[in-house]
Amino acid sequence: MPALRRTSLVFCAALAALSMLPPTAGVAAGEPSTTVRTIFDAGYQESGTWLPGALSGFAGGQARYTNTPGDTATWTLPAPAAGTYQVDVWYPPFHTSARNAGYTVTPGGRTHVVDQRQGGGYWRPLGPVTATAGQDVTVKITAGQDLTPGEPLDEYARTYAVRLRQGEPANPPPQNGPDLGDYRLAFADEFTKPIDWANGPWDPRTDVRGNSSQLARNVRFDPDAHGGDGAAVIDLKAETDRGKPFTGGGLVSKKLIRYGYYETRVWINEGPGWHPAFWSMCGGADGVHKCQLAEIDGFEIDSINPNKVIHNVFDHRPPRRQVTSGWYDVGADLSKGWHVFGYDYDEAGVRFFVDGRQRAYLAYPAGPFVHDWMKVWLTAVAYNDYPDPSRLPATVAFDYFRFYEKDHYADNDGPTAAGYTESGPGWATSSLPGHGALTSRHSCDLGAAASWKVKAAAAGRYEAFLYRTGAAGGDSKARATLSRGGTPVAERTIDFTAAGAGWVSLGAVDAPAGGEYTFGLTRTGAGCIRADAVKLVRDRG
C-alpha cells in the first residue's frame, strides 16, 4: 500500500517536471511549429462588452473579461505548416470565472465547453485541428455557451491567449471539463450523495496499517466540505481500535480499470502523522492483496510536509521494483485548499499532473513490467510520523473521482474477459506471457478458435490490433479476422512460429459510437495458436 518505502528497491528515478516558462507571441523557442497569440497580438478581435480586468497574464498586461452572455472573442492564427496541431488556451485562475465558456475551433467547427474555474494559469488543451500550410485557424470563445436565452451569466468569461502546437498535448484532458478530446468518461463519482457501501461503486478500507486502523464509519458524505458542493470526507481520529491509537479510512473502488486518465481533487488535513494517498492497485480493501502486482501512486503525502508529494509505480512481483519521482515541493500548502491530481497511464508509462501541470513522467513499459487491472484507492492512514492528538479530529476530503478512456482493450482474463470466448479442443493456459506480462491461452488442436468483442465508446476512426506471442511450434498460417454484425471487415494471416511478441495491425475501421467489433483467431495449419489480447486504438489525427 502507499507509504514511503524506505527499504524498497528503487529501480529508477525519473522526475520530469515541466517549468512554466512565460511564452511569447509567435513561434515559441525550443518547440516545433508552436505559435502563441495573446489578446494584444494582431489577429485578435472582440464582439460585445469585454473589459480589462485585474488579473494578469503570463506575458504581462491585464486579461479581459465579460459577464454578458453571447459576447465573443476570436483569435486568427495561420498554420505555420501543413499538419495536425494541438489547440491550447490560457486564462487566469479565479474562482468567479465562468463554468461554461465555449471555445469553437475551425477548421472543423468543434465547440469545447470549458469550466474556467478549473485549470487557470496553465495551458489547457482543447484538442487537435488539421490545417494546410498558411490556412487560418480560428479559436472563438463565447461567454455563457450553454445558457438558455435570457438566462443571466453570473460569472466571468476570461480571455488571454491561445496556442497551436505540433506534437503531443502538454497536458492530459483538462480537469472538470465536459469536452475531453479523445478521452471519454468511463467511471466517475462526484460525491454528491451519501455513500452506499452495499450498492454503490466503493468498498471501505478496513485494514490495519502503520499507526491506525481503518474504519468504514470514518468515511462519510459532507454536502458542504470546504464550501464545495459535496465531498467524500475521511475522518481522522485519536481513538483505539484493534490495537492502534488512531483511526483513518478510505474508499476502494469495486471496479477494476487499467489504461486511461485518472483524476481527483483533494484537500488534505492539517497536522503531522497522516498519509493521504490517491493510488491504484488490485487488492482487497481489508488489506488482503490477493492480486497485488502493479501499483500506481497518483500522489502520496506525509502531512507533516504538506507541500511535498511523491509519485511511484511498482511491479510487486519478486524481485519487487519501483520507479519513482522522489519527493518534491509542489509550491503550495495542500492543507490550505483544493488541489487537482491526475495520472495518465498507457502501455509505455505514467504521466503525473498537479493542478493541470505535468510534474513527472515515469517510464513503465508493458512486458518488462506487469500491467494489470487495478482498483482505485482514496485513503488516509496514520503512517511514518506520529499524529498530534491535539490536532484531531481532522479530515481529508476528496471532491470527486473521474476516469477517462481513449482506447479499448479486451483480454482472455481480467474484467474484459467477459467478451472472450474459446471454441474447439485443447485450450490451456500458456507458459508464455501475454500483453503486460499477464497470462495467455493456447491450443494446438485442430478446430481451435478464440474470439473477443470490443465496443468503440465514441464514433471515429480506430486501428484494430491483435497481440501475437510467437515461439517454436506455433501455427504459421493462423487466421485473424475482424467483423461487425457478422460482416467481415478485415482478415490477415498470423505467423506464430516467429519468436517474440507484440501488436499486429488488422487495419483501420470507421466505427460508430457504441459499435461492437468481433476479433477472431482460428488455427488453420499445424502448430499452436496463442490467444491473449486485442485493442481498438483511436486515430489521433
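1. So, the overall build of the protein chain
A count of helical and extended segments in the protein chain gives 0 helices and 44 strands. Going through the 541 residues of the protein chain one by one, you find that 54% of them count as buried. Sequence separation of at least 24 residues holds for 75% of the intrachain contacts in the protein chain that already meet a minimum separation of 6. On the protein chain, roughly 20,900 Å² of surface is accessible, and the fraction owed to carbon and sulfur atoms is 52%.

2. Brief notes about the sheet that holds strand β43 (residues 529–531)
Strands sit in the order β35-β36-β43 across an open sheet of 3 strands; the sheet is antiparallel. A strand with exactly one partner marks an edge of an open sheet, and here the two such strands are β35 (428–429) and β43.

3. Notes on the confidence of the model for the protein chain
Low-pLDDT stretches of the model should not have their predicted coordinates read in fine detail. A residue-level look at the protein chain finds 88% of positions with pLDDT of 70 or above and a mean pLDDT of 86. Between residues 168–174, whose pLDDT stays under 50, and residues either more than four places distant or in other chains, the model counts 31 contacts.

4. A word on the sheet that holds strand β13 (residues 157–159)
Spatial ordering of the open sheet is given by β5-β6-β13, a layout of 3 strands whose pairing is antiparallel. Pairing within the sheet leaves two strands with one partner each, and these edge strands are β5 (51–56) and β13. Along the sheet, successive strands turn relative to each other by an average axial angle of 40°, direction set aside.

5. So, the nonpolar core
Ranked by size, the top nonpolar core spans 51 residues in total, and within it Tyr-262, Phe-278, Leu-378 and Phe-401 carry the most contacts. Counting residues in hydrophobic clusters, the runner-up holds 33 residues, among them Ile-39, Val-89, Trp-90 and Ile-141.

6. Some remarks on the pairing of strand β42 (residues 516–522)
Across 7 bridges, strand β37 (residues 449–455) lies against β42 in antiparallel orientation. The partner of Val-454 across the bridge, within β42, is Tyr-517. As defined by bridge partners, strand β39 (residues 478–484) adjoins β42 across 5 bridges and the pair is classed as antiparallel. Considered in β42, the bridge of Thr-481 is made with Gly-520.

7. Considering the packing of aromatic side chains
The final tally for this structure, using the stated rule, is 30 aromatic pairs. Both rings, one in Tyr-65 and one in Tyr-156, keep their centres 5.4 Å apart while their planes meet at 75°; by these two values the pair is edge-to-face. Pair noted here: Tyr-65 is in strand β6 (residues 62–66) and Tyr-156 is in the loop between β12 (136–142) and β13, with a separation of 91 residues, a long-range link. Take Tyr-65: its relative accessible area is 22%, and that puts it in the partly exposed class. With 6.2 Å between their ring centres and 25° between their planes, Tyr-261 and Tyr-404 make a pair best called stacked.

8. Let's talk about the environment of Lys-477
Along the polypeptide, Lys-477 turns up in the loop between β38 (460–470) and β39. Residues Lys-477 and Arg-492 lie 15 residues apart in sequence; the distance between their C-alpha atoms is 9.3 Å. The contact partners of Lys-477, leaving out residues within four places of it in the chain, are Thr-493, Ile-494 and Thr-524.

9. Quick look at the pairing of strand β40 (residues 487–494)
With 7 bridges connecting them, β39 and β40 associate as antiparallel partners. For Thr-481, the partnering residue across the bridge sits in β40 and is Glu-491. Count of turn residues in the β39/β40 antiparallel hairpin: 2 residues, of which Gly-485 carries a positive phi of about 60°.

10. Here we look at the environment of Arg-220
Mapped onto the fold, Arg-220 is located in strand β19 (residues 219–222). Placed 177 residues apart in sequence, Arg-220 and Ala-397 show a C-alpha to C-alpha distance of 9.7 Å. If sequence neighbours within four positions are ignored, Arg-220 has contacts with Ile-195, Ala-231, Ala-232, Val-233, Asp-235 and Thr-395.

11. Some remarks on the pattern of salt bridges
Tallied over the entire structure, the rule returns 17 salt bridges. Put simply, Arg-163 and Asp-88 hold a salt bridge, and the shortest N to O gap is 2.8 Å. Here Arg-163, found in strand β14 (residues 161–165), pairs with Asp-88, found in strand β8 (residues 83–90); they are 75 residues apart in sequence, far enough to count as distant. Comparing Arg-163 with Asp-88 shows no difference in burial state: the two are buried. In this structure, Glu-422 engages Arg-441 in a salt bridge whose closest nitrogen and oxygen atoms are separated by 2.8 Å. Of this pair, Glu-422 sits in strand β34 (residues 420–423) while Arg-441 sits in strand β36 (residues 441–443), placing them 19 residues apart in sequence. What you see here is one network of salt bridges that share partners, running through Arg-220, Asp-222 and Asp-235.

12. Points about unusual backbone geometry
Here Thr-106 and Pro-107 are connected by a cis peptide whose omega angle stands at 10°. By the element assignment, Pro-107 lies in the loop between β9 (101–106) and β10 (110–114). A cis amide bond links Pro-318 to the next residue, Pro-319, at an omega of -10°. Along the chain, Pro-319 falls in the loop between β25 (308–315) and β26 (321–324). Positive phi, close to 50°, is recorded for Arg-242, a residue that is not glycine. Tracing the sequence through the fold places Arg-242 in the loop between β20 (231–241) and β21 (244–253). Judged by its relative accessible area of 45%, Arg-242 falls in the partly exposed class. The backbone of Ala-437 sits at a positive phi, close to 65°, despite the residue not being glycine.

13. Re the side chain of Arg-468
Mapped onto the fold, Arg-468 is located in strand β38. Buried charged residue Arg-468 carries no salt bridge. Nearest counter-charge: Asp-495, at 5.8 Å. Here the side chain of Arg-468 touches Ala-498 through a polar contact of 2.8 Å, landing on its backbone oxygen.

14. Notes on the side chain of His-112
Structurally, His-112 can be placed in strand β10. Reaching out from His-112, the side chain makes a polar contact with the backbone oxygen of Leu-126 at a distance of 3.0 Å.

15. Structural notes on the environment of Gln-86
Note that Gln-86 resides in strand β8. Judged by its relative accessible area of 14%, Gln-86 falls in the buried class. Each C-alpha atom of the pair Gln-86 and Pro-128 lies 4.5 Å from the other, and the pair is 42 residues apart in sequence.

Cut-off values and rules
- Residues numbered from 1 in each chain as written.
- Predicted model: local features only at pLDDT ≥ 70, side-chain atom pairs only at ≥ 80, totals over all residues.
- Heavy atoms only, no water.
- Helix = DSSP H or I, 4+ residues; strand = E, 2+ residues; numbered from the N terminus.
- Buried < 20%, exposed > 50% of the residue type's maximum accessible area, 1.4 Å probe, protein only.
- Contact = heavy atoms within 4.5 Å.
- Areas by Shrake-Rupley, 256 points an atom, 1.4 Å probe, with all protein chains shown as cover.
- Pairing = 2+ DSSP bridges.
- pLDDT = per-residue confidence, 0-100.
- Axes fitted to C-alpha atoms, helices over the stretch in contact; angles between N-to-C directions.
- Core = buried A, V, L, I, M, F, W, Y, C linked by side-chain atoms within 4.5 Å.
- Phe/Tyr/Trp six-rings, centres within 6.5 Å; stacked < 30°, edge-to-face > 60°.
- Salt bridge = Lys/Arg side-chain N within 4 Å of Asp/Glu carboxyl O.
- Lys, Arg positive; Asp, Glu negative; His and termini not counted.
- Polar contact = N/O pair within 3.5 Å; in protein donor to acceptor, adjacent residues only side chain to side chain.

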